[in-house]
Amino acid sequence: MRLAVTAPDRLDVRTVEIDDPGDLISCLPHPSALAWVRHGEGLVGWGEAARLTVPAGPGRFTAVQDLLAELFGGARVDDPLGVPGSGPVAFGSFAFDPASGGSVVIVPRRVLGRRGGRAWLTTIGEASGPVARPVESADPLTAPSQLTWSDGALSAPRWQRAVAAAVQHIRAGRLGKVVLARDLFAQAAEPIDARVLLARLAHRFPACYTFACGGLVGATPELLIRRTGDEVESLVLAGTTARGTDPADDTERAARLTASAKDRQEHAYAARMVREALAPLCAELSVPDDPQVLTLPNVMHLASPVRGRLHGERSVLDVVEALHPTPAVCGTPTDQALELIRRLEGMDRGRYAGPVGWVDARGDGEWGIALRCAELDGARARLFAGCGIVADSDPAAELAEAHNKFRAMRYALQG
């Protein structure tokens, strides 16, 4: 696989520790933002020191890892901190379907980070001079206005028919689960500023991973993998219900979700696949027998936190390759589910439900699944929502679930 690369012959990288910059997202000077933030910690970046355009086809994660190893390995690096996210860093967003192009990896010119009470600024480029302040000048923020909405590939009735067709395939024994997604378009009066959406999402969903890369913006609850040295963590989410109207209703809905055979089956598929994918890579692996309930402002999920210790030298991208796509966003068996998605969804998902996150020169990084997100193109935003379909799925209930999942990005656009 040949990647298209825009980069200087050699990078100069300098990281310095700085005073706490405050809110990371508010430090972004340009609408073309890069971000990975949760509970106020993480990384934001801007500018482009290098860009990798990744074609469709197998081996894309390995190809990116090899090229980044070459690019970072040849860099002049001054990084006295040596913590995850300091030194050379690349942000990435991959297409869900390996047969689709459009994946992108960006090495920013500036990276601002905060982790564990420490903050730093990294400059990346050719013969970079003195480290500048985090924000030299900032473009003014303009919230989206005069929004109009339109259906994506399938109207609501047509999507319900696609769900019904998927249920028939499952009941016929052709597969166990498939995840079907919908898209929705929003049109604004002016180009949409990613920073406005990021700020709203981070405020509304602080426990999620608020991200931006190459125009894809969102707040995902699902951590695909975090690698810190030889330790890895993942959070499996599958099985969903809407939030209640009050605490008592929440408690009742959580109990129903925990007891739901349909949702527990959907979750079990995802947790089993993650266990099977990580086991060959790990000397130790812990996967809970029963899921817990993760409560977010708009929905509740069945969740299983997974922890392990890697054996051998493996980058976070090696683990991403082993895990993607999980049954939480594709289905099981994977090949049959992916083929049914291509037949029934009526669209190319692009980078929705693909891996999104960052990797540094040590191979550390955090990658999530690009959920609750929108792809920005000037004044237009394409929103996505997906639902896990099993034998007991009801098309009307799945449509309602998709509507609830759209709410995060509708809020980000509308305020």
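Report on the accompanying structure. The shown structure was predicted, so the numbers you read here are calculated from the model rather than taken from an experiment.

Criteria and thresholds
Residues numbered from 1 in each chain as written. Predicted model: local features only at pLDDT ≥ 70, side-chain atom pairs only at ≥ 80, totals over all residues. Heavy atoms only, no water. Helix = DSSP H or I, 4+ residues; strand = E, 2+ residues; numbered from the N terminus. Buried < 20%, exposed > 50% of the residue type's maximum accessible area, 1.4 Å probe, protein only. Contact = heavy atoms within 4.5 Å. Areas by Shrake-Rupley, 256 points an atom, 1.4 Å probe, with all protein chains shown as cover. Lys, Arg positive; Asp, Glu negative; His and termini not counted. Charge placed at Lys NZ, Arg CZ, Asp CG, Glu CD. Phe/Tyr/Trp six-rings, centres within 6.5 Å; stacked < 30°, edge-to-face > 60°. Lys NZ or Arg CZ within 6 Å of the ring centre and 35° of its normal. Salt bridge = Lys/Arg side-chain N within 4 Å of Asp/Glu carboxyl O. Expected span 1.5 Å × (residues − 1). Arc of directions from axis to C-beta. Polar contact = N/O pair within 3.5 Å; in protein donor to acceptor, adjacent residues only side chain to side chain. Axes fitted to C-alpha atoms, helices over the stretch in contact; angles between N-to-C directions. Parallel < 35°, antiparallel > 145°, perpendicular 65-115°, else oblique. Left-handed = near helix turned anticlockwise from the far one by under 90°. Nonpolar A, V, L, I, M, F, W, Y, C, P; charged D, E, K, R; others polar. Pairing = 2+ DSSP bridges.

### Digging into the overall build of the protein
Within the protein, the regular secondary structure consists of eight helices and 24 strands. Its C-alpha atoms give the protein principal-axis dimensions of roughly 60 × 55 × 45 Å. Taking all 415 residues of the protein together, 56% fall into the buried category. Considering only residue pairs separated by 6 or more positions, the protein has 76% of its internal contacts joining residues 24 or more positions apart. Put simply, the protein shows about 16300 Å² of open surface, and 48% of that area lies on carbon and sulfur atoms. Charge-centre separation for the protein: the mean point of 45 positive side chains lies 4 Å from the mean point of 50 negative side chains.

### Here we look at the packing of aromatic side chains
Aromatic rings in a pair are described by how distant their centres are and how their planes are angled relative to each other. Summed over all chains, the structure comprises four aromatic pairs. Centre to centre, the rings of F61 and F94 are 4.5 Å apart; their planes meet at 45 degrees, and the pair counts as tilted. With a gap of 33 residues between them, F61 in helix 1 (residues 60–73) and F94 in the loop between strand 7 (89–93) and strand 8 (103–107) connect regions that are remote in the sequence. Just as F61 is buried, F94 falls in that class too. For the pair F94 and W367, a centre-to-centre distance of 5.9 Å together with 50 degrees between the ring planes defines the contact as tilted. Of the two residues, F94 is situated in the loop between strand 7 and strand 8 and W367 in strand 22 (residues 365–369); the sequence distance between them amounts to 273 residues. Side by side, F94 and W367 carry an identical accessibility label, which is buried. Taken together, the ring pairs in this structure connect F61, F94 and W367 into an aromatic cluster. One cation-aromatic arrangement involves R349 over F96; the distance from NZ or CZ to the ring centre is 4.2 Å.

### Some points on the pattern of salt bridges
Counted under the stated rule, the structure contains 26 salt bridges. For R226, the salt bridge is made with E366, and the minimal N-O distance between the two is 2.5 Å. With a gap of 140 residues between them, R226 in strand 15 (residues 223–228) and E366 in strand 22 connect regions that are remote in the sequence. Comparing R226 with E366, the two get one shared label, buried. In this structure, E284 and R309 form a salt bridge, with 3.0 Å as the shortest nitrogen-oxygen distance. Residue E284 is found in strand 17 (residues 282–286), and its partner R309 is found in strand 19 (residues 299–310); the two are separated by 25 residues along the sequence. Here the salt bridges do not stand alone but share partners, grouping K177, K262, D263, E266 and E398 into one network.

### Here's the deal with helix 2 (residues 156–171)
Across its 16 residues, helix 2 extends 23 Å between first and last C-alpha, which sits within 8% of the 22 Å expected from 1.5 Å per residue. Those residues of helix 2 not exposed but buried are W159, A162, V163, A166, V167, H169 and I170. Projected onto a plane normal to the axis of helix 2, the buried residues spread over an arc of 160 degrees and lie on a single side. Those residues of helix 2 that are exposed and angled more than 90 degrees off the buried face are R161, Q168 and R171. In this structure, the buried residues of helix 2 make contact with strand 12 (177–187), helix 7 (334–344), strand 24 (380–389) and helix 8 (395–414). One or two positions beyond helix 2, positive phi appears at G173, with a value near 85 degrees.

### Brief notes about helix 4 (residues 247–259)
Its 13 residues give helix 4 an end-to-end C-alpha distance of 18 Å, which sits within 8% of 18 Å, the value for a rise of 1.5 Å per residue. Tucked inside the fold, the buried residues of helix 4 contact strand 16 (231–242), helix 5 (261–278), strand 18 (292–295) and strand 19. Sitting at the amino-terminal end of helix 4 is D246, which places a side-chain oxygen 3.2 Å from the backbone nitrogen of A248.

### Focus: the environment of F72
Mapped onto the fold, F72 is located in helix 1. Note: C-alpha distance between F72 and A90 (18 residues apart in sequence) is 9.7 Å.

### Focus on the packing of helix 2 against helix 8
Think of two packed helices as two axes; the pair is described by the angle between the axes and how far apart they sit. In the contact formed by helix 2 and helix 8, the axes pass within 9 Å of each other and the chain directions differ by 125 degrees. When the axes of helix 2 and helix 8 are compared, the pair comes out oblique. As for how helix 2 packs across helix 8, the hand of that crossing is right-handed. Seen from helix 2, the contacting residues are A156, W159, Q160, V163 and A164; seen from helix 8, they are P395, A396, E398, L399 and A402. Of the residues that constitute the contact of helix 2 with helix 8, the class distribution is eight nonpolar, one polar and one charged.

### Here's the deal with the pairing of strand 21 (residues 355–360)
Most of strand 21 sits out of view: six of its six residues are buried. Along strand 21, one buried face is formed by P355, G357 and V359 and the opposite face, lined by V356, W358 and D360, is buried too. Here strand 7 runs beside strand 21; their pairing, made up of five bridges, is antiparallel. Directly across from A90, in strand 21, lies its bridge partner V359.

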